[in-house]
Amino acid sequence: HAIPVLNACPRYKIPESAFSDLEDGNTRNLRLIFKAPNGTSVSMDNWVQFNPESQEVYALPLDENVSRWPYLLEALDSEGASVSQTLEIVVQHHKIHRTVNHEFSLHLHIEKKFDFPSAVDWELHVLEGLARLYGDPDTNQITVRNITLHSDPIIFTWTNDSIPRRHCPRQDIDNLFKVLTVNEAGDPSFLLKEAMLSAVRVKKVLYRGLGQCEAPRGPLLTPQQNFPPMPRNQVDHINATVGQLLVYPVPEDSFYDPEDGNSRNLKLSLLTMDRQTISPDNWLQFDTKNQEFYGVPSEGDQGRREYQLVCEDSAGQTANDGLVVVVHPAPRVQYSVEFVMKLNIDYSTYKHSSSLKRKFVEKLCELFNERNLSAVALGPVTAGSTLVTWYNRSLSTDTCPEAEIRSLRHVLMSDNGGLSERVGAVMGSVFPVMSAEVAPLGRCQGELTIHHAPEGPPPPSDDSRPVISSDDYLVTFIVPAVIIAVMLALAGAVACVLYRRRRTGKMAVGDEDERQSFRNKGIPVIFQDELEDRPDPGDKSPVIMKEEKPPLPPPEYQRGSGELSPPPGAGHPLLGEDDAPYQPPPPFTSNRESGRNTRPKPTPTYRKPPPYVPP
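None of the values given here were measured: they were computed from a predicted structure.

Within the structure shown, the criterion is met by nine salt bridges. Here Arg201 ties to Glu111 by a salt bridge, and the two come within 2.6 Å at their closest N and O atoms. Here Arg201 is found in strand E13 (residues 200–209), whereas its partner Glu111 is found in the loop between strand E10 (102–110) and helix H1 (119–133), with 90 residues between them in sequence. The class of Glu111 is partly exposed, set by a relative accessible area of 38%. A salt bridge links Glu402 to Arg406; the shortest N-O distance between them is 3.2 Å. Of this pair, Glu402 and Arg406 both sit in helix H6 (residues 402–412), separated by four residues, roughly a single helical turn.

As structure tokens, this is what we get:
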């Protein structure tokens, strides 16, 4: 449940469904116990209280209570069995805490303390009385700014939210003040005493202008009264980047105190949202002397985190300012050169000390005469020998700044490869440097940039032989050879597939023996349906061989008594008396046709001559 700070009367009723019991039912049938975050009971002076009868949490948080509070809520059934649940209360700044232009203070004395179970109860009694005095239906128009519990008299300070805040509405403030007092001395009015009833007695009423209405009025400023500081120009938001030094000074006008002045005369400290002191190994630290935030975040510090900046005046009065610190990842930049230093200090001491990292960056800037602290980007730190890596963000990354790199190397190392005298003089005994290295990166990699390894003397270089890095060799030779081999393999595979398809697609009929017989004989296959019968012409003359004689003219017959008979002694022109009847020669066949057993013999297209019958 989020409760805004300086709210009049925030209340939260525990839902019925928060707890459930098989025998007793929901939360309304259970007994609830409200405990502090450490498990103990809540004190009567605490700013938040719990009503077990109505099962309601009520509170009056102030500026000093801005944080997250994980309270415990325990439920017990009729048999004594219990279960606990965390109820987190988040206290935030009020939305008008920067634009307040006035405040009223009541000097009170609690006449009947036993009528109030806790301090919050009489505070709410005073608050409700002020609302009745001004005729408000609720307490939403009244914002409590401060309450001094352990003083006599008790000072109850509040402001009215119903008047404008863009300018100083002096007439409206005077009208509010006249309802509270009867004179300029601040004596309470009869209406105010009646609204407070007999349980609370009002001794004095004071007014103080803030912001545009800061001019004192009436008996506000007295030597005996001290007012707490107020926030004005808050920090609110801070951005940091991994590997880069953050130095953020607090503005002078971030707080103001009527007695002590601006922030330079006040004591500032940094706390977590749980109002705990900052751990020494936390990356973000606060310099109370110079009033500035500083630190170098690492990869594990990325993200958003909330802090509290606490301001304290000379009298011990405090004011808080909530701020958010966001750590962004390091930008993806291909630097031109990488610097490495081997330090003779403990690895754990350097890694978990923000002050050492800050001094190291400042020493590097002094070594290279660099005024901009953000030009140095710290890289990873190697354990064991404490190898610190950093980059120069001022060098160009589009081209290789060969001249600048040689100049930086000359500052860091001597001509023989050892450390220069300036390194020992600047880094001093705080950061004893054992060795250094300058390694080209990005566009400078593979060029003739001189670098020195941290272990052993530098290897001899041959200027006549070009320096080829592993990446250039890979791109120049290995990658093209692999591409050509893959292309040749693909071409061979495609050729094999096409050749196989061509051979299997020609003769895909019959079994393997039939295809083999056709390949051996070389005889084309002609199906029955492919034959074409052509009729022979009717006027075709018979074929006469050389051994045959042409036929003789037909014989002449004599006409007699109605019968024709050949002449005496005449026979058949082609046959003798003892010869057999004429037989035509067999048809001519070729050897090719004789090999075809399946083809039928064609029907002859001529008639045989009739047989000769002798008389």
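The four strands are arranged E15-E23-E22-E19 in an open sheet whose pairing can be described as mixed. Across the chains shown, the open sheet's two edge strands, defined by having one partner strand only, are strand E15 (237–241) and strand E19 (267–272). Taking each pair of neighbouring strands and ignoring which way they run, the sheet shows an average axis angle of 30°. In this structure, E19 lies alongside strand E22 (residues 303–312), joined through six bridges in antiparallel fashion. Bridge pairing links Leu271 to Gln308 in E22.

Quick look at the nonpolar core now. Counting 39 residues, the largest nonpolar core has Leu106, Trp122, Leu130, Phe156, Trp158, Leu180 and Leu192 as its most contacted members. The element that contributes the greatest number of residues to this core is H1, accounting for nine residues. Counting the residues that make up this core, at least three belong to each of domain 1 (2–90) and domain 2 (97–213). The contact partners of Phe156, leaving out residues within four places of it in the chain, are Phe104, Ser105, Leu106, Leu108, Glu123, Val126, Leu127, Leu130, Val144, Asn146 and Ile147. Formed by 32 residues, the second largest nonpolar core is a distinct cluster that contains Leu245, Leu356, Ile405 and Phe431.

Moving on: the sheet that holds E13. Strand order in the open sheet made by the four strands is E11-E12-E10-E13, with antiparallel pairing throughout. Two strands lie at the open edges of the sheet, namely strand E11 (142–148) and E13, each paired on one side alone. For this sheet, the mean inter-axis angle between neighbouring strands, taken without regard to orientation, is 25°. Taken together, the five bridges between E10 and strand E12 (residues 154–160) define a ladder with antiparallel strand orientation. In the strand pairing of E12, Leu106 is matched with Phe156.

Counting all residues, the mean pLDDT for the chain is 79, and 75% of those residues have values of 70 or more. Taken element by element, the predicted model of the chain shows its lowest mean pLDDT in strand E1 (residues 2–4) (41) and its highest in strand E21 (residues 292–295) (94). In this model residues 448–467 is a low-confidence stretch, pLDDT under 50, and it forms 27 contacts with partners more than four residues away in sequence or in other chains. Of the regions scoring below 50 in pLDDT, residues 560–565 engages in six contacts with residues more than four places distant in sequence or in other chains.

Further remarks concern the environment of Pro329. Tracing the backbone through its elements, the reader meets Pro329 in the loop between strand E23 (318–328) and strand E24 (337–343). The spatial distance from the C-alpha of Pro329 to the C-alpha of Gly243 is 8.7 Å, given a sequence separation of 86 residues.

We now examine H1. Its 15 residues place the ends of H1 21 Å apart at the C-alpha level, agreeing with the 21 Å of an ideal helix rising 1.5 Å per residue. Within H1, twelve of the 15 residues are buried, which leaves it mostly tucked inside the rest of the structure. Of all the residues in H1, the buried ones are Ala119, Val120, Trp122, Glu123, Leu124, His125, Val126, Leu127, Gly129, Leu130, Ala131 and Leu133. Backbone geometry just downstream of H1 places Gly135 in the positive-phi region, at approximately 75°.

A few words on a nonpolar patch on the surface. Where nonpolar side chains cluster on the molecular surface, the patch consists of Leu474, Val475, Phe477, Ile478, Val479, Val482, Ile483, Val486, Met487 and Leu490 and spans about 910 Å² of accessible area. Here Phe477 shows up in helix H8 (residues 470–504). Classification of Phe477 as partly exposed rests on a relative accessible area of 46%.

Here we take up the pairing of strand E8 (residues 68–76). Judged from the five bridges that link them, strand E5 (residues 31–35) and E8 form a sheet pairing that is antiparallel. Across the sheet, Ile33 pairs through a bridge with Glu74, a residue of E8. In this structure, E8 lies alongside strand E9 (residues 82–92), joined through nine bridges in antiparallel fashion. By the bridge assignment, Arg68 is partnered in E9 with Val90.

Taken as a whole and judged by the stated rule, the model has 16 aromatic pairs. Summarising the aromatic geometry, the rings of Phe34 and Tyr71 are spaced 5.0 Å apart at their centres and angled 20° between planes, so their arrangement reads as stacked. With Phe34 in strand E5 and Tyr71 in strand E8, the pair connects residues that are 37 residues apart, well separated along the chain. Take Phe34 and Tyr71: they sit in the same class, and that class is buried. We note Arg358 situated over the ring of Tyr294; from NZ or CZ to the ring centre the distance is 4.9 Å.

Conventions we followed
- Along each chain, residue indices are assigned from 1 in the same order as the chain's sequence is written.
- The predicted origin of the model limits local features to residues at a pLDDT of at least 70 and limits the giving and counting of side-chain atom pairs to 80 or more, whereas totals for whole chains, interfaces and linings rest on all residues.
- The basis for every side-chain value is the complete set of non-hydrogen atoms in the structure, without hydrogens or water.
- The salt bridge criterion pairs a side-chain nitrogen of Lys or Arg with a carboxyl oxygen of Asp or Glu, the two atoms within 4 Å.
- A helix here means a DSSP run of H or I that spans at least four residues, while a strand means a run of E at least two residues long, and both kinds are numbered starting from the N terminus.
- Type-normalised accessible area, obtained with a 1.4 Å probe on protein chains alone, sets the label of each residue: buried when under 20%, exposed when over 50%, and partly exposed for intermediate values.
- Should DSSP find at least two bridges between two strands, the strands are regarded as paired.
- A fitted line through C-alpha atoms serves as each axis, taken over the contacting stretch for helices, and the angle formed by two N-to-C directions is quoted from 0 to 180°.
- Think of a nonpolar core as a cluster: buried Ala, Val, Leu, Ile, Met, Phe, Trp, Tyr and Cys residues, connected wherever their side-chain atoms sit within 4.5 Å.
- Each domain's extent is set by a domain assignment, obtained either automatically or from a database.
- In what follows, residue pairs with any heavy atoms lying within 4.5 Å of each other are defined as contacts.
- pLDDT expresses how confident the predictor is about each individual residue, on a scale running from 0 to 100.
- Expected helix span is computed as 1.5 Å times (number of residues minus one).
- By definition, no residue in a patch forms a salt bridge, and every one has over 30% relative accessible area; like charges are joined within 9 Å, nonpolar side chains (Val, Leu, Ile, Met, Phe, Trp, Tyr) within 5 Å.
- Accessible surface is estimated by sampling points in the Shrake-Rupley manner with a 1.4 Å probe; for residues, cover comes only from the protein chains shown.
- Pairing of aromatic side chains requires ring centres within 6.5 Å, counting the rings of Phe and Tyr and the six-membered ring of Trp. Pairs whose planes differ by under 30 degrees are stacked, by over 60 edge-to-face, and all others tilted.
- Geometrically, a lysine NZ or arginine CZ counts as sitting over a ring once it is within 6 Å of the ring centre and also within 35 degrees of the ring normal.

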